[in-house]
Amino acid sequence: MRDADKTVPMGWHQKKAHEEVDHIFQELMPKHGLTVREEQLRLSHEMLDALWGNQIALCDAGVGIGKTYAYLVACIMKEKYAKQVGNLFRTENYPAVISTSSIALQEAILQEYIPFQSRLLMKEKLICRPLKAVVRKGKEHFVCDSRLNQRIASIQDKKKNGNQKKALLALRTCYDMDQVHGLSGFDRRLVCVPKFCPKNCTERETCRYRRYMKRVKSTGIHFQICNHNYLLADASHRTKGYNPLLSDYRALVIDEAHKLPEAAVQMCGKTLCSDDILEICYLLEKEHQGIRARHLKAEMKKLFQVIAENHSFENGQRIAFRQTEECISILKESAALLFEIGRRCKGSISKWIRNRLEEAGIVLCYFLVPGRKYVLYLEQDTERLPVFCATSREVPAYLQKVLWNQGIPAILTSGTLKAGNGFMRTRQMLGLNEKNRKKQSGVQ
Ligand code: SF4
(Lines give C-alpha, C1' and ligand atoms only; values in the text may rest on other atoms or scores of the structure.)
Protein backbone atom coordinates (compact mmCIF):
# COMPACT_ATOMS: atom_id res chain seq x y z
CA MET A 1 0.00 0.00 0.00
CA ARG A 2 1.37 3.42 -0.95
CA ASP A 3 1.34 6.39 1.41
CA ALA A 4 -0.71 8.42 -1.04
CA ASP A 5 -3.44 5.76 -1.03
CA LYS A 6 -4.08 6.49 2.64
CA THR A 7 -3.96 10.26 2.50
CA VAL A 8 -4.84 11.67 -0.92
CA PRO A 9 -8.16 10.82 -2.59
CA MET A 10 -7.13 9.52 -5.97
CA GLY A 11 -8.83 11.05 -8.99
CA TRP A 12 -9.47 9.24 -12.26
CA HIS A 13 -6.37 10.60 -14.01
CA GLN A 14 -4.07 9.78 -11.15
CA LYS A 15 -5.50 6.26 -11.00
CA LYS A 16 -4.95 5.81 -14.74
CA ALA A 17 -1.37 7.03 -14.35
CA HIS A 18 -0.74 4.41 -11.64
CA GLU A 19 -2.30 1.67 -13.75
CA GLU A 20 -0.01 2.58 -16.61
CA VAL A 21 3.02 2.46 -14.31
CA ASP A 22 1.99 -1.11 -13.38
CA HIS A 23 1.52 -2.00 -17.03
CA ILE A 24 4.95 -0.64 -18.00
CA PHE A 25 6.92 -2.36 -15.27
CA GLN A 26 5.00 -5.62 -15.05
CA GLU A 27 4.30 -6.28 -18.72
CA LEU A 28 6.12 -4.04 -21.17
CA MET A 29 9.59 -3.88 -19.69
CA PRO A 30 9.81 -7.67 -19.14
CA LYS A 31 8.67 -8.10 -22.77
CA HIS A 32 11.74 -6.07 -23.76
CA GLY A 33 14.18 -8.06 -21.68
CA LEU A 34 14.04 -6.35 -18.26
CA THR A 35 13.05 -8.25 -15.12
CA VAL A 36 10.15 -7.21 -12.87
CA ARG A 37 11.44 -5.73 -9.63
CA GLU A 38 8.85 -5.15 -6.94
CA GLU A 39 10.96 -2.49 -5.20
CA GLN A 40 11.36 -0.58 -8.45
CA LEU A 41 7.63 -0.67 -9.11
CA ARG A 42 6.84 0.47 -5.57
CA LEU A 43 9.40 3.26 -5.85
CA SER A 44 7.96 4.50 -9.13
CA HIS A 45 4.44 4.62 -7.61
CA GLU A 46 5.76 6.56 -4.61
CA MET A 47 7.55 8.99 -6.89
CA LEU A 48 4.41 9.48 -8.96
CA ASP A 49 2.39 10.20 -5.81
CA ALA A 50 4.95 12.77 -4.68
CA LEU A 51 4.85 14.53 -8.06
CA TRP A 52 1.08 14.43 -8.14
CA GLY A 53 0.74 15.68 -4.56
CA ASN A 54 3.29 18.49 -5.08
CA GLN A 55 5.52 16.96 -2.41
CA ILE A 56 9.23 16.56 -1.87
CA ALA A 57 10.09 12.87 -1.72
CA LEU A 58 13.26 11.51 -0.18
CA CYS A 59 13.76 8.11 -1.81
CA ASP A 60 16.61 6.03 -0.48
CA ALA A 61 17.19 3.45 -3.19
CA GLY A 62 20.13 1.04 -3.02
CA VAL A 63 22.17 -0.06 -6.03
CA GLY A 64 20.35 -2.34 -8.48
CA ILE A 65 16.81 -1.22 -7.72
CA GLY A 66 16.52 0.68 -10.97
CA LYS A 67 15.68 4.12 -9.66
CA THR A 68 16.39 5.81 -12.99
CA TYR A 69 13.57 4.02 -14.81
CA ALA A 70 11.41 4.46 -11.70
CA TYR A 71 11.60 8.26 -11.85
CA LEU A 72 11.56 8.50 -15.65
CA VAL A 73 8.29 6.54 -15.80
CA ALA A 74 6.82 8.54 -12.90
CA CYS A 75 7.66 11.85 -14.64
CA ILE A 76 6.30 10.71 -18.00
CA MET A 77 3.02 9.48 -16.50
CA LYS A 78 2.63 12.62 -14.41
CA GLU A 79 3.10 14.84 -17.46
CA LYS A 80 0.83 12.68 -19.61
CA TYR A 81 -2.12 12.51 -17.22
CA ALA A 82 -1.76 15.86 -15.46
CA LYS A 83 -1.86 17.44 -18.90
CA GLN A 84 -5.21 15.79 -19.52
CA VAL A 85 -6.54 17.19 -16.24
CA GLY A 86 -5.53 20.72 -17.15
CA ASN A 87 -5.80 20.59 -20.93
CA LEU A 88 -8.16 23.52 -21.02
CA PHE A 89 -5.35 25.79 -19.90
CA ARG A 90 -2.11 24.10 -20.88
CA THR A 91 -0.87 24.38 -24.39
CA GLU A 92 2.78 23.47 -23.97
CA ASN A 93 5.06 20.99 -22.27
CA TYR A 94 6.94 21.78 -19.12
CA PRO A 95 10.11 19.73 -19.30
CA ALA A 96 11.05 17.97 -16.09
CA VAL A 97 14.53 18.64 -14.77
CA ILE A 98 16.87 15.80 -13.84
CA SER A 99 19.87 16.97 -11.87
CA THR A 100 22.84 14.66 -11.27
CA SER A 101 26.30 15.03 -9.90
CA SER A 102 28.26 13.01 -12.47
CA ILE A 103 28.68 13.46 -16.22
CA ALA A 104 28.66 9.65 -16.60
CA LEU A 105 25.12 9.42 -15.24
CA GLN A 106 23.98 12.36 -17.38
CA GLU A 107 25.28 10.64 -20.49
CA ALA A 108 23.70 7.31 -19.52
CA ILE A 109 20.31 9.00 -19.01
CA LEU A 110 20.58 10.87 -22.29
CA GLN A 111 21.95 8.08 -24.46
CA GLU A 112 20.54 4.90 -22.90
CA TYR A 113 17.66 5.27 -20.44
CA ILE A 114 15.55 7.88 -22.24
CA PRO A 115 15.99 6.45 -25.78
CA PHE A 116 15.06 2.96 -24.49
CA GLN A 117 12.00 4.25 -22.66
CA SER A 118 11.01 6.34 -25.66
CA ARG A 119 11.22 3.42 -28.12
CA LEU A 120 9.26 1.19 -25.77
CA LEU A 121 6.45 3.66 -25.09
CA MET A 122 6.21 4.66 -28.77
CA LYS A 123 6.04 1.03 -29.86
CA GLU A 124 3.29 0.32 -27.36
CA LYS A 125 1.49 3.54 -28.38
CA LEU A 126 1.55 4.96 -24.86
CA ILE A 127 3.04 8.22 -26.09
CA CYS A 128 2.43 9.89 -29.44
CA ARG A 129 5.87 11.37 -30.08
CA PRO A 130 9.42 10.35 -29.08
CA LEU A 131 10.81 11.60 -25.79
CA LYS A 132 13.28 14.44 -26.23
CA ALA A 133 15.99 15.33 -23.73
CA VAL A 134 18.77 17.92 -23.69
CA VAL A 135 21.79 18.46 -21.47
CA ARG A 136 21.95 21.96 -20.02
CA LYS A 137 25.18 23.46 -18.74
CA GLY A 138 26.79 26.82 -18.18
CA LYS A 139 28.26 29.22 -20.71
CA GLU A 140 31.73 28.39 -19.45
CA HIS A 141 31.44 24.97 -21.12
CA PHE A 142 30.91 26.36 -24.63
CA VAL A 143 33.06 28.19 -27.14
CA CYS A 144 32.42 31.74 -28.19
CA ASP A 145 33.26 31.85 -31.91
CA SER A 146 34.31 35.47 -31.75
CA ARG A 147 36.69 34.95 -28.82
CA LEU A 148 38.06 31.75 -30.37
CA ASN A 149 38.99 33.57 -33.60
CA GLN A 150 40.75 36.30 -31.60
CA ARG A 151 42.65 33.78 -29.51
CA ILE A 152 43.77 31.75 -32.51
CA ALA A 153 44.94 34.94 -34.22
CA SER A 154 46.85 36.03 -31.11
CA ILE A 155 48.90 32.80 -30.89
CA GLN A 156 49.72 32.59 -34.62
CA ASP A 157 53.35 33.70 -34.25
CA LYS A 158 53.88 32.63 -30.65
CA LYS A 159 55.38 29.50 -29.15
CA LYS A 160 52.70 27.37 -27.53
CA ASN A 161 52.52 23.87 -26.10
CA GLY A 162 51.71 21.56 -29.04
CA ASN A 163 48.87 19.64 -27.37
CA GLN A 164 47.25 22.78 -26.06
CA LYS A 165 47.42 24.40 -29.48
CA LYS A 166 45.90 21.31 -31.10
CA ALA A 167 43.09 21.32 -28.55
CA LEU A 168 42.44 25.02 -29.17
CA LEU A 169 42.23 24.47 -32.93
CA ALA A 170 39.88 21.51 -32.39
CA LEU A 171 37.33 23.95 -31.01
CA ARG A 172 36.74 25.17 -34.56
CA THR A 173 34.78 21.98 -35.15
CA CYS A 174 33.56 21.18 -31.63
CA TYR A 175 31.89 23.92 -29.62
CA ASP A 176 31.42 21.86 -26.43
CA MET A 177 34.73 22.26 -24.58
CA ASP A 178 34.10 19.20 -22.38
CA GLN A 179 34.49 17.04 -25.50
CA VAL A 180 37.97 18.39 -26.27
CA HIS A 181 40.94 17.08 -24.30
CA GLY A 182 44.19 18.88 -23.58
CA LEU A 183 42.78 22.41 -23.48
CA SER A 184 44.61 24.62 -20.97
CA GLY A 185 42.55 26.21 -18.18
CA PHE A 186 43.69 29.62 -19.35
CA ASP A 187 42.56 29.09 -22.96
CA ARG A 188 39.30 27.68 -21.72
CA ARG A 189 38.56 30.85 -19.81
CA LEU A 190 39.58 33.08 -22.69
CA VAL A 191 37.45 31.44 -25.36
CA CYS A 192 34.34 30.52 -23.40
CA VAL A 193 31.06 32.29 -24.01
CA PRO A 194 31.10 35.63 -22.15
CA LYS A 195 28.56 36.51 -19.49
CA PHE A 196 27.17 39.23 -21.73
CA CYS A 197 27.49 39.11 -25.51
CA PRO A 198 28.28 42.48 -27.09
CA LYS A 199 25.35 43.72 -29.17
CA ASN A 200 27.62 44.46 -32.12
CA CYS A 201 29.15 40.95 -32.27
CA THR A 202 29.78 40.20 -35.93
CA GLU A 203 29.48 36.42 -35.45
CA ARG A 204 25.94 36.62 -34.07
CA GLU A 205 24.22 35.14 -37.12
CA THR A 206 26.43 32.07 -37.31
CA CYS A 207 27.28 31.70 -33.61
CA ARG A 208 27.21 28.02 -32.66
CA TYR A 209 26.36 28.73 -29.01
CA ARG A 210 23.30 30.76 -29.97
CA ARG A 211 22.13 27.93 -32.22
CA TYR A 212 22.57 25.45 -29.36
CA MET A 213 20.53 27.70 -27.05
CA LYS A 214 17.75 27.98 -29.60
CA ARG A 215 17.56 24.20 -29.82
CA VAL A 216 17.53 23.51 -26.06
CA LYS A 217 14.93 26.18 -25.41
CA SER A 218 12.57 25.03 -28.14
CA THR A 219 9.22 23.53 -27.22
CA GLY A 220 8.72 19.79 -27.23
CA ILE A 221 11.58 18.95 -24.86
CA HIS A 222 10.54 16.46 -22.15
CA PHE A 223 13.65 16.37 -19.97
CA GLN A 224 16.36 18.90 -19.18
CA ILE A 225 19.40 17.19 -17.70
CA CYS A 226 21.91 19.25 -15.74
CA ASN A 227 24.31 19.02 -12.83
CA HIS A 228 23.56 20.20 -9.30
CA ASN A 229 25.57 23.41 -9.72
CA TYR A 230 23.58 24.45 -12.77
CA LEU A 231 20.31 23.60 -11.03
CA LEU A 232 21.28 25.79 -8.08
CA ALA A 233 22.49 28.61 -10.31
CA ASP A 234 19.10 28.55 -12.06
CA ALA A 235 17.27 28.48 -8.72
CA SER A 236 19.33 31.39 -7.47
CA HIS A 237 18.52 33.42 -10.63
CA ARG A 238 14.81 32.76 -10.16
CA THR A 239 14.93 33.80 -6.50
CA LYS A 240 16.69 37.07 -7.37
CA GLY A 241 14.28 37.79 -10.24
CA TYR A 242 16.95 37.37 -12.97
CA ASN A 243 16.36 35.47 -16.21
CA PRO A 244 16.23 31.74 -15.40
CA LEU A 245 18.83 29.46 -16.96
CA LEU A 246 16.58 26.44 -17.42
CA SER A 247 13.25 26.50 -19.21
CA ASP A 248 10.34 26.56 -16.75
CA TYR A 249 9.67 23.13 -15.26
CA ARG A 250 7.01 21.46 -13.16
CA ALA A 251 8.87 18.44 -11.80
CA LEU A 252 12.34 18.09 -10.38
CA VAL A 253 14.38 14.92 -9.91
CA ILE A 254 17.62 15.19 -7.97
CA ASP A 255 19.58 12.00 -8.51
CA GLU A 256 22.78 11.43 -6.49
CA ALA A 257 21.07 13.79 -4.02
CA HIS A 258 23.71 13.16 -1.33
CA LYS A 259 26.00 15.39 -3.42
CA LEU A 260 23.62 18.35 -3.42
CA PRO A 261 24.96 19.96 -0.19
CA GLU A 262 28.50 19.83 -1.62
CA ALA A 263 27.35 21.67 -4.74
CA ALA A 264 25.51 24.20 -2.57
CA VAL A 265 28.69 24.79 -0.58
CA GLN A 266 30.48 25.66 -3.83
CA MET A 267 27.63 27.88 -4.97
CA CYS A 268 27.50 29.81 -1.71
CA GLY A 269 31.26 30.09 -1.55
CA LYS A 270 33.87 32.23 -3.21
CA THR A 271 37.33 31.38 -4.52
CA LEU A 272 40.34 33.19 -5.89
CA CYS A 273 43.13 31.48 -7.83
CA SER A 274 46.05 32.52 -9.99
CA ASP A 275 44.04 31.91 -13.21
CA ASP A 276 41.44 34.43 -11.99
CA ILE A 277 44.16 37.06 -11.75
CA LEU A 278 45.64 36.17 -15.16
CA GLU A 279 42.20 36.53 -16.69
CA ILE A 280 41.64 39.92 -15.04
CA CYS A 281 45.05 41.09 -16.32
CA TYR A 282 44.24 39.88 -19.83
CA LEU A 283 40.96 41.77 -19.76
CA LEU A 284 42.71 44.92 -18.47
CA GLU A 285 45.23 44.71 -21.31
CA LYS A 286 42.43 44.44 -23.82
CA GLU A 287 41.01 47.66 -22.39
CA HIS A 288 44.36 49.43 -22.89
CA GLN A 289 45.46 49.16 -19.25
CA GLY A 290 48.69 47.28 -20.05
CA ILE A 291 50.88 48.98 -17.42
CA ARG A 292 48.38 48.34 -14.64
CA ALA A 293 47.87 44.78 -15.84
CA ARG A 294 51.61 44.05 -15.70
CA HIS A 295 51.93 45.64 -12.26
CA LEU A 296 48.99 43.62 -10.94
CA LYS A 297 50.33 40.38 -12.42
CA ALA A 298 53.75 40.90 -10.78
CA GLU A 299 52.31 41.81 -7.36
CA MET A 300 49.82 38.96 -7.33
CA LYS A 301 52.53 36.51 -8.36
CA LYS A 302 54.33 37.52 -5.17
CA LEU A 303 51.13 36.96 -3.16
CA PHE A 304 50.68 33.38 -4.38
CA GLN A 305 54.38 32.66 -3.83
CA VAL A 306 54.39 33.97 -0.25
CA ILE A 307 51.21 32.08 0.64
CA ALA A 308 52.64 28.87 -0.86
CA GLU A 309 55.91 29.29 1.10
CA ASN A 310 54.01 29.79 4.38
CA HIS A 311 51.88 26.65 4.04
CA SER A 312 52.67 22.97 3.58
CA PHE A 313 50.24 21.30 1.22
CA GLU A 314 50.03 17.52 1.26
CA ASN A 315 48.50 15.37 -1.48
CA GLY A 316 46.25 18.15 -2.70
CA GLN A 317 44.45 18.30 0.69
CA ARG A 318 42.68 21.49 1.71
CA ILE A 319 44.43 23.22 4.60
CA ALA A 320 43.67 26.01 7.07
CA PHE A 321 45.03 29.48 6.36
CA ARG A 322 47.90 30.55 8.64
CA GLN A 323 47.76 34.18 9.69
CA THR A 324 51.51 34.80 9.81
CA GLU A 325 52.77 38.37 9.77
CA GLU A 326 54.15 37.92 6.27
CA CYS A 327 50.84 36.49 4.96
CA ILE A 328 48.77 39.26 6.53
CA SER A 329 51.02 41.97 5.20
CA ILE A 330 50.98 40.72 1.59
CA LEU A 331 47.22 40.07 1.74
CA LYS A 332 46.64 43.68 2.80
CA GLU A 333 48.83 45.05 0.00
CA SER A 334 47.24 42.82 -2.64
CA ALA A 335 43.66 43.60 -1.61
CA ALA A 336 44.46 47.32 -1.56
CA LEU A 337 45.98 47.12 -5.06
CA LEU A 338 42.92 45.32 -6.48
CA PHE A 339 40.56 47.96 -5.05
CA GLU A 340 42.82 50.80 -6.13
CA ILE A 341 43.01 49.68 -9.77
CA GLY A 342 39.21 49.34 -9.83
CA ARG A 343 38.87 52.89 -8.44
CA ARG A 344 41.45 54.50 -10.70
CA CYS A 345 40.11 52.87 -13.86
CA LYS A 346 36.52 53.81 -13.17
CA GLY A 347 35.16 55.17 -16.44
CA SER A 348 37.90 53.65 -18.59
CA ILE A 349 37.20 49.94 -18.08
CA SER A 350 33.94 47.99 -18.21
CA LYS A 351 31.82 47.49 -15.11
CA TRP A 352 32.32 43.76 -15.51
CA ILE A 353 36.12 44.04 -15.01
CA ARG A 354 35.68 46.43 -12.10
CA ASN A 355 33.40 43.88 -10.45
CA ARG A 356 35.99 41.16 -11.01
CA LEU A 357 38.67 43.31 -9.35
CA GLU A 358 36.39 44.08 -6.45
CA GLU A 359 35.30 40.46 -5.96
CA ALA A 360 38.95 39.35 -5.94
CA GLY A 361 39.76 41.99 -3.29
CA ILE A 362 36.78 40.92 -1.17
CA VAL A 363 37.94 37.28 -1.12
CA LEU A 364 41.31 38.41 0.23
CA CYS A 365 39.54 40.54 2.86
CA TYR A 366 37.71 37.44 4.17
CA PHE A 367 41.13 35.99 4.99
CA LEU A 368 42.30 39.22 6.62
CA VAL A 369 39.28 39.53 8.89
CA PRO A 370 37.67 36.07 9.28
CA GLY A 371 33.96 36.25 10.14
CA ARG A 372 31.36 33.66 11.12
CA LYS A 373 29.72 33.42 7.71
CA TYR A 374 32.49 31.57 5.88
CA VAL A 375 34.78 28.60 6.50
CA LEU A 376 38.17 29.64 5.13
CA TYR A 377 40.78 27.30 3.72
CA LEU A 378 43.39 26.92 0.97
CA GLU A 379 43.57 24.39 -1.84
CA GLN A 380 46.10 23.88 -4.62
CA ASP A 381 45.40 24.40 -8.34
CA THR A 382 46.85 22.27 -11.12
CA GLU A 383 50.02 24.41 -11.10
CA ARG A 384 50.35 23.72 -7.34
CA LEU A 385 49.61 27.35 -6.52
CA PRO A 386 47.29 28.16 -3.61
CA VAL A 387 43.60 28.82 -4.16
CA PHE A 388 41.78 30.97 -1.58
CA CYS A 389 38.45 29.30 -0.71
CA ALA A 390 35.65 30.72 1.44
CA THR A 391 32.62 28.43 1.81
CA SER A 392 29.38 29.46 3.42
CA ARG A 393 28.04 27.92 6.63
CA GLU A 394 24.47 28.64 5.60
CA VAL A 395 23.79 25.85 3.11
CA PRO A 396 20.51 24.41 4.56
CA ALA A 397 18.89 27.85 4.71
CA TYR A 398 20.10 28.58 1.20
CA LEU A 399 18.62 25.34 -0.22
CA GLN A 400 15.35 26.00 1.53
CA LYS A 401 15.14 29.48 0.09
CA VAL A 402 16.12 28.77 -3.52
CA LEU A 403 14.72 25.26 -4.01
CA TRP A 404 12.16 23.98 -1.54
CA ASN A 405 10.18 27.19 -1.11
CA GLN A 406 9.45 27.42 -4.84
CA GLY A 407 6.51 24.98 -4.68
CA ILE A 408 7.82 22.56 -7.32
CA PRO A 409 7.39 18.83 -6.59
CA ALA A 410 10.74 17.11 -6.21
CA ILE A 411 12.15 13.61 -5.97
CA LEU A 412 15.48 13.33 -4.21
CA THR A 413 17.07 9.96 -4.62
CA SER A 414 20.33 8.23 -3.83
CA GLY A 415 21.58 5.06 -2.18
CA THR A 416 22.79 6.91 0.91
CA LEU A 417 20.02 9.24 2.04
CA LYS A 418 18.96 7.06 4.93
CA ALA A 419 21.29 6.56 7.88
CA GLY A 420 20.92 4.91 11.34
CA ASN A 421 18.08 7.10 12.63
CA GLY A 422 16.29 7.49 9.30
CA PHE A 423 16.32 10.64 7.18
CA MET A 424 17.05 13.09 10.03
CA ARG A 425 20.63 13.87 9.02
CA THR A 426 19.76 14.22 5.32
CA ARG A 427 16.89 16.55 6.14
CA GLN A 428 19.15 18.71 8.29
CA MET A 429 21.84 18.94 5.61
CA LEU A 430 19.35 19.70 2.87
CA GLY A 431 17.37 22.25 4.85
CA LEU A 432 14.16 20.19 4.69
CA ASN A 433 12.27 20.95 7.86
CA GLU A 434 8.81 19.91 9.05
CA LYS A 435 7.17 22.76 7.17
CA ASN A 436 8.38 21.55 3.78
CA ARG A 437 6.11 19.35 1.71
CA LYS A 438 8.18 16.29 2.44
CA LYS A 439 7.57 12.57 2.05
CA GLN A 440 10.19 9.91 2.60
CA SER A 441 10.73 6.30 1.71
CA GLY A 442 13.54 3.80 1.93
CA VAL A 443 13.77 1.02 -0.56
CA GLN A 444 16.70 -1.24 0.22
S1 SF4 B 1 27.03 36.03 -29.94
FE2 SF4 B 1 28.14 35.89 -28.00
S3 SF4 B 1 28.83 33.75 -27.89
FE4 SF4 B 1 28.23 34.13 -30.00
S5 SF4 B 1 30.14 34.71 -30.99
FE6 SF4 B 1 29.12 36.62 -30.33
S7 SF4 B 1 29.99 37.07 -28.30
FE8 SF4 B 1 30.45 34.94 -28.80
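Described below are features of the structure shown in this document. Values in this document were obtained by computation on a predicted structure and should not be read as measured data. (Residues numbered from 1 in each chain as written. Predicted model: local features only at pLDDT ≥ 70, side-chain atom pairs only at ≥ 80, totals over all residues.)

This next bit is on the overall build of the protein chain. Helix and strand content of the protein chain: 17 helices and 10 strands. Buried residues in the protein chain amount to 36% of all 444 residues. Of the contacts formed within the protein chain by residues at least 6 apart in sequence, a portion of 74% connects residues at least 24 apart. (Helix = DSSP H or I, 4+ residues; strand = E, 2+ residues; numbered from the N terminus. Buried ≥ 20, exposed ≤ 12 C-beta atoms within 10 Å, placed from the backbone. Contact = placed C-beta atoms within 7 Å.)

Turning next to helix H11 (residues 260-268). Within H11, the full set of buried residues consists of Leu 260, Ala 263, Ala 264, Met 267 and Cys 268. Seen along its axis, H11 keeps its buried residues to an arc of 130 degrees; they face one direction. Considering only its buried residues, H11 is in contact with helix H10 (228-240), strand S5 (252-254), strand S8 (386-392), helix H16 (395-402) and helix H17 (424-430). (Arc of directions from axis to C-beta.)

A few words on the packing of helix H2 (residues 12-31) against helix H3 (residues 38-52). Close contact between H2 and H3 brings their axes to 10 Å; oriented N to C, the two are set at 155 degrees. Overall, the two elements H2 and H3 adopt an arrangement that is roughly antiparallel. For the pair H2 and H3, the crossing hand works out as right-handed. Contact with H2, carried on its side by Gln 14, Ala 17, His 18, Val 21, Phe 25 and Gln 26, involves Gln 40, Leu 41, Ser 44, His 45, Leu 48 and Trp 52 of H3 and no other residues of that element. Of the residues assigned to the contact of H2 with H3, the class counts are six nonpolar, six polar and no charged. (Axes fitted to C-alpha atoms, helices over the stretch in contact; angles between N-to-C directions. Parallel < 35°, antiparallel > 145°, perpendicular 65-115°, else oblique. Left-handed = near helix turned anticlockwise from the far one by under 90°. Nonpolar A, V, L, I, M, F, W, Y, C, P; charged D, E, K, R; others polar.)

Pairing within the open sheet is antiparallel, and its three strands lie in the order S6-S8-S7. Each of the sheet's edge strands pairs with one partner strand only, and the pair in question is strand S6 (270-272) and strand S7 (374-380). Averaged over all pairs of adjacent strands, the angle between strand axes in this sheet comes to 15 degrees, irrespective of strand direction. Where S7 meets S8, seven bridges bridge the pair, whose relative direction is antiparallel. Residue pairing for S8: Leu 378 is matched across the bridge by Phe 388. (Pairing = 2+ DSSP bridges.)

The next subject is unusual backbone geometry. One non-glycine residue, Lys 125, adopts positive backbone phi at about 60 degrees. Located in the positive-phi region is Arg 384, a residue other than glycine, with phi close to 65 degrees. Tracing the sequence through the fold places Arg 384 in the loop between S7 and S8.

Let us look at the pairing of S8. Of all the seven residues making up S8, five are buried; the element is thus mostly covered by neighbouring parts of the structure. Sheet topology note: the S6/S8 ladder contains three bridges and is antiparallel. By the bridge assignment for S8, Leu 272 is matched with Phe 388. Hairpin connection from S7 to S8: five residues lie between these consecutive antiparallel strands, with Arg 384 at a positive phi of about 65 degrees.

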